[in-house]
Amino acid sequence: MRLRPVTLLIAPAGYGKTPLLRQWAVELTRTGARVAWVSFDPDDRDPAMLLAYLIRAFQLSLPEIGEEAWRILHSLADLEQGWMLVMRSLMRDLQQIPARPTFLLIDDYHQIADGPITAALLTYLLRSAPPTLHVVIASRRPIDLALFHRMRTEGSLLEIEQSALSLSRTEADQLLQFVGSDFPDLQTLHAAMLRCF
């Protein structure tokens, strides 16, 4: 199986994107891959916050990188103009580490999607990433980057959508049995939920 450089996980709230990312992080770490995780809130649209969280996510699994990027980040007065200097330094560090699969898991991308540098930063990161870096992005809304259109045609983008995360009736019944639910089947559970609302 060929690993694609980017995986998009797109579905509304409640479809299990974050638990799936957690599960992947555990499994990937078990295989020896490096895993960097960043989860965003609406306040993280600010360029300084976005860059700081990204650097820190990488440093948690790769403590030897990002020192110069931190210095540049703290020295710039206008990050909307100078963010690329920070990213260039971080990408240079990533290029120099020993080759081993590395995964950047980005959760709640929709929280920062309309930030002043978000689209440009993500595009730069994906274009500059070493071949061992794989980026997984979870979002409640589709991500419209020009780069993704090209990646789709090249087959280098894996997209997992709501339909792939939904359980069939049989799968839901099996899950209820597995967790030992008091509900005999999905239909009974659904009826009980409707009574609550």
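Residues numbered from 1 in each chain as written. Predicted model: local features only at pLDDT ≥ 70, side-chain atom pairs only at ≥ 80, totals over all residues. Heavy atoms only, no water.

Regarding helix α3 (residues 67–75)
Next up, step 1: Listing the buried residues of α3 in full gives Ala-69, Trp-70, Ile-72 and Leu-73. Down the axis, α3 shows its buried residues gathered within 165° of arc, on one side only. Looking at α3, the residues exposed on the side facing more than 90 degrees away from the buried face are Arg-71, His-74 and Ser-75.
Next up, step 2: Buried-residue contacts for α3 involve α2 (47–61) and α4 (79–96). (Buried < 20%, exposed > 50% of the residue type's maximum accessible area, 1.4 Å probe, protein only. Helix = DSSP H or I, 4+ residues; strand = E, 2+ residues; numbered from the N terminus. Arc of directions from axis to C-beta. Contact = heavy atoms within 4.5 Å.)

A few points about a negative patch on the surface
Next up, step 1: Judged by side-chain charge, Asp-41, Asp-43, Asp-46, Asp-78 and Glu-80 come together as a negatively charged surface patch.
Next up, step 2: Its place among the elements puts Asp-78 in the loop between α3 and α4. (Patch = residues over 30% accessible without salt bridge, like charges linked within 9 Å, V, L, I, M, F, W, Y side chains within 5 Å. Areas by Shrake-Rupley, 256 points an atom, 1.4 Å probe, with all protein chains shown as cover. Salt bridge = Lys/Arg side-chain N within 4 Å of Asp/Glu carboxyl O. Lys, Arg positive; Asp, Glu negative; His and termini not counted. Charge placed at Lys NZ, Arg CZ, Asp CG, Glu CD.)

Notes on the layout of surface pockets
Next up, step 1: Roughly 150 Å³ of volume is contained in the second largest pocket.
Next up, step 2: Around the second largest pocket, the lining is made up of 14 residues, and of these Pro-5, Val-6, Leu-126, Arg-127 and Met-151 lie nearest the centre.
Next up, step 3: Among the secondary structure elements, those contributing two or more residues to the lining of the second largest pocket are α5 (118–128), β4 (133–139) and α6 (146–154).
Next up, step 4: Counted by class, the lining of the second largest pocket contains ten nonpolar, one polar and three charged residues. (1 Å grid on protein atoms, 1.4 Å probe; cavity = no way out; pocket = protein on both sides within 12 Å on 5 of 7 lines; lining within 4 Å. Points joined across faces, edges and corners; volume = space filled by probe spheres on them. Nonpolar A, V, L, I, M, F, W, Y, C, P; charged D, E, K, R; others polar.)

Quick look at the pattern of salt bridges
Next up, step 1: Under the counting rule described, the total for this entry stands at five salt bridges.
Next up, step 2: The partner of Arg-150 in a salt bridge is Glu-154, with the nearest N and O atoms 2.8 Å apart. With Arg-150 and Glu-154 both in helix α6 and four residues apart, this pair spans about one turn of that helix.
Next up, step 3: For Glu-154, a relative accessible area of 47% translates into the label partly exposed.
Next up, step 4: For Glu-159, the salt bridge is made with Arg-152, and the minimal N-O distance between the two is 2.8 Å.
Next up, step 5: Since its relative accessible area comes to 32%, Glu-159 is described here as partly exposed.
Next up, step 6: With relative accessibility at 35%, the residue Arg-152 sits in the partly exposed group.

Comments concerning the packing of α2 against α3
Next up, step 1: Relative orientation of the contacting elements α2 and α3 amounts to 165°, with a least axis distance of 10 Å. What the angle tells us is that α2 and α3 run roughly antiparallel. For the pair α2 and α3, the crossing hand works out as left-handed. Across the interface between the two elements, Ala-48, Leu-51, Ala-52, Ile-55, Arg-56 and Gln-59 of α2 pack against Glu-67, Ala-69, Trp-70 and Leu-73 of α3.
Next up, step 2: For the contact of α2 with α3, the residue count by class is seven nonpolar, one polar and two charged. (Axes fitted to C-alpha atoms, helices over the stretch in contact; angles between N-to-C directions. Parallel < 35°, antiparallel > 145°, perpendicular 65-115°, else oblique. Left-handed = near helix turned anticlockwise from the far one by under 90°.)

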